[in-house]
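Inside the fold
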Amino acid sequence: MNQQLKDLLARGNQLNSPNYAPADIVFERGEGVWLTDSEGNRYLDFLAGIAVCSLGHAHPRLTETLQQQAGRLLHVSNMFYTAEQIELMQRLVDQSFGDRVFLCNSGTEANEAAFKLVRRYQSRVAGRESKTKILSMKSSFHGRTLASITATGQPKYHDGFAPLAPGFDYVPFNDVDALEQAFDDNIAALVVEPVQGEGGVRPATEEFLTAARDLCDRHDAFLMFDEVQTGVGRVGELFAYQKFGVTPDVMTLAKGLGGGVPLGATVATEELWKGWKRGSHASTFGGNPLACSAGAVVLDTIEDEQLLDNVRARSRQLRAGLDELADEFDLISDVRGAGLLVGAECGEKASEVVRVARDQGLLLNTAGGDTLRFVPPLIIDEDEINEGLRRLRMALQQV
Ligand SMILES: Cc1ncc(COP(=O)(O)O)c(C=O)c1O
């Protein structure tokens, strides 16, 4: 490591808020599924900025759109429309169950909006004042605002932040009996990730999601899917609810939607939007034309480049390769996931595998502490998957 890089990292470590612990790498540029650091080392990116860079890095179409948009108009506030905003909302509504969209800048904000939407509907539209409880899953992850960490069913995210938001409760994921027992008439909504991402890449069962839909219907509660990680092509359908065949009343998106530009969305049915009136909620930056132009290009490119087909094919290839590695290395005890959201359980060695893989020029991270998570860009090709598997094999040999 040269002195200039050492100094830069030292300054970063002095200035950065202490909740992060970045690796000793400074990235300078990217192209497709490759990233290049300040010393010219190249890395195969199976992390994609944690499932964000859906079109990879520096995708020509996204780059050109952003350059043109930046030169034309960046922001006007929610007091005016831009065509870019309307075009994005149109695409989201045309391609999903939703009728209207609230635009924001992140996953946690999209969830926050959804929580406020269901609560306000129950109290102000349905007149059910006591129906305030939001039921979520153990080992879920919904973001870092106070309401989102409260919904997050993992105590480690709550540590030191009491008092948490009132009116949340948890049930074990994929446990239909427990869900039935937990349901009562005070529940405003049930929130679930169709595939738990941060919790360890664990897909919901169709049986569980179907039971959730049914219970919500029977108890006048709303079904909310947090598709921040699973949405926008990640699981081989545009949205995971389409893959599972269970339609929610509200879904939240972020991560891959902007392809790297901060962008979140809360998509819901016309009925549910009756819960909000003018002034019920807002975001200064939400719906700005820069982010919206990115979102529209991401959705158009998924369609034009037939990326859903690619996700399915590359998913089969990646999982077959990981299954072979699981046969070869006892370290891997399970391979699971959906589309290009794939996990390989590795026990306590998972973090070490991530570190060694990085030294081999392969970027991954862990989910749930014990699982390697593979979330490469949706544009990844066959050779790149093979190359990633080859580098992972070398890392596993070393560990
Ligand atoms: C399912 C899910 N919901 C919400 C979030 C929070 O999104 P953000 O970090 O954009 O606020 C994440 C982030 O990992 C997520 O995976």
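Note that the coordinates shown come from a computational prediction; the quantities given were computed from them, not determined experimentally.

Here seven strands make up an open sheet; going across it, the order is β4-β12-β11-β10-β7-β5-β6 and the pairing mixed. Among the strands making up the open sheet, the edge pair consists of β4 (100-104) and β6 (168-171). The mean inter-strand angle of the sheet, taken between neighbouring strand axes irrespective of direction, is 20°. Of the pairings in the sheet, the one linking strand β7 (residues 187-192) to strand β10 (residues 222-226) comprises four bridges and is parallel in character. Of the residues in β10, the one forming a bridge with V191 is M224.

Taken across its five residues, strand β1 (residues 27-31) has zero buried, putting it largely on the surface. By the bridge criterion, four bridges tie β1 to strand β2 (residues 34-37) in an arrangement that is antiparallel. Following the sheet pairing, R29 is matched in β2 by T36. Hairpin geometry of β1 and β2 is characterised by an intervening segment of two residues between the two adjacent antiparallel strands and by a positive phi of about 60° at G32.

This next bit is on the domain arrangement of the protein chain. The figure often quoted for interface size is the accessible area lost as the parts come together. Domain annotation of the protein chain identifies domain 1 (3-59 + 306-398) and domain 2 (73-304). The C-alpha centroid of domain 2 is placed 27 Å from the C-alpha centroid of domain 1. Contact with domain 1, which involves 29 residues of that partner, is made by 28 residues of domain 2. Both sides together, the interface formed by domain 1 and domain 2 hides about 2300 Å², and carbon and sulfur atoms give 58% of it. Joining domain 1 to domain 2, the criterion identifies two salt bridges. Between R312 and E237 there is a salt bridge; the shortest N-O distance is 3.8 Å.

Viewed as axis vectors pointing N to C, helix α13 (residues 350-359) and helix α14 (residues 382-398) meet at an angle of 125°, and their least axial separation amounts to 9 Å. Classed by the angle they form, the pair α13 and α14 counts as oblique. The two elements α13 and α14 cross, and the hand of that crossing is right-handed. Here V353, V356 and A357 of α13 lie close against α14, whose contacting residues are L392, A395, L396 and Q398.

On to the site of the ligand, then. Not every one of the 13 residues close to the ligand is listed here, only the nearest: G107, T108, D226, Q229 and K255. Within the backbone of T108, an N or O atom sits 2.8 Å from an oxygen atom of the ligand. The side chain of D226 places a nitrogen or oxygen atom 2.7 Å from a nitrogen atom of the ligand. Contact with the protein chains covers 83% of the free accessible surface of the ligand, which is 390 Å². Residues of the shell around the ligand, tallied by class, amount to two nonpolar, seven polar and four charged.

It is worth spelling out the packing of aromatic side chains at this point. Any aromatic ring pair is given by two values, namely how distant the centres are and how the planes are angled relative to each other. Evaluated as defined, the whole model comprises nine aromatic pairs. With a centroid separation of 5.5 Å and an interplanar angle of 80°, the aromatic rings of F115 and F168 are classed as edge-to-face. Residue F115 is located in helix α5 (residues 107-125), and its partner F168 is located in strand β6; the two are separated by 53 residues in the primary sequence. Residue classification places F168 among the buried residues on the basis of a relative accessible area of 13%. Their ring planes at 10° and their centres at 6.1 Å tell us that F239 and Y241 sit as a pair that is stacked. Given a relative accessible area of 6%, Y241 falls into the buried group. Members of the aromatic cluster, each reached through a chain of ring pairs, are F97, F239 and Y241. The lysine or arginine in question, R42, covers the ring of W34, its NZ or CZ lying 4.5 Å from the ring centre.

Pairing is possible between side chains that carry opposite charge, provided their charged atoms lie close to one another. This structure, assessed with the given rule, holds 20 salt bridges. Between R100 and E270 there is a salt bridge, and its shortest N-O distance comes to 3.0 Å. With a gap of 170 residues between them, R100 in strand β4 and E270 in helix α10 (residues 270-273) connect regions that are remote in the sequence. For E270, a relative accessible area of 36% gives the class partly exposed. Its salt-bridge partner being E387, residue R390 comes within 2.8 Å of it at the nearest N-O pair. Residue R390 and its partner E387 are located together in helix α14, separated by three residues, close to a single helical turn. Since its relative accessible area comes to 42%, R390 is described here as partly exposed. Through salt bridges with shared partners, one network takes in E87, R91 and D300.

Each value, and the rule that gives it
- Residues numbered from 1 in each chain as written.
- Predicted model: local features only at pLDDT ≥ 70, side-chain atom pairs only at ≥ 80, totals over all residues.
- Heavy atoms only, no water.
- Pairing = 2+ DSSP bridges.
- Helix = DSSP H or I, 4+ residues; strand = E, 2+ residues; numbered from the N terminus.
- Axes fitted to C-alpha atoms, helices over the stretch in contact; angles between N-to-C directions.
- Buried < 20%, exposed > 50% of the residue type's maximum accessible area, 1.4 Å probe, protein only.
- Domains from an automatic or database assignment.
- Contact = heavy atoms within 4.5 Å.
- Buried area = accessible area lost by both parts, 1.4 Å probe.
- Salt bridge = Lys/Arg side-chain N within 4 Å of Asp/Glu carboxyl O.
- Parallel < 35°, antiparallel > 145°, perpendicular 65-115°, else oblique.
- Left-handed = near helix turned anticlockwise from the far one by under 90°.
- Near = heavy atom within 4 Å.
- Polar contact = N/O pair within 3.5 Å; in protein donor to acceptor, adjacent residues only side chain to side chain.
- Areas by Shrake-Rupley, 256 points an atom, 1.4 Å probe, with all protein chains shown as cover.
- Nonpolar A, V, L, I, M, F, W, Y, C, P; charged D, E, K, R; others polar.
- Phe/Tyr/Trp six-rings, centres within 6.5 Å; stacked < 30°, edge-to-face > 60°.
- Lys NZ or Arg CZ within 6 Å of the ring centre and 35° of its normal.

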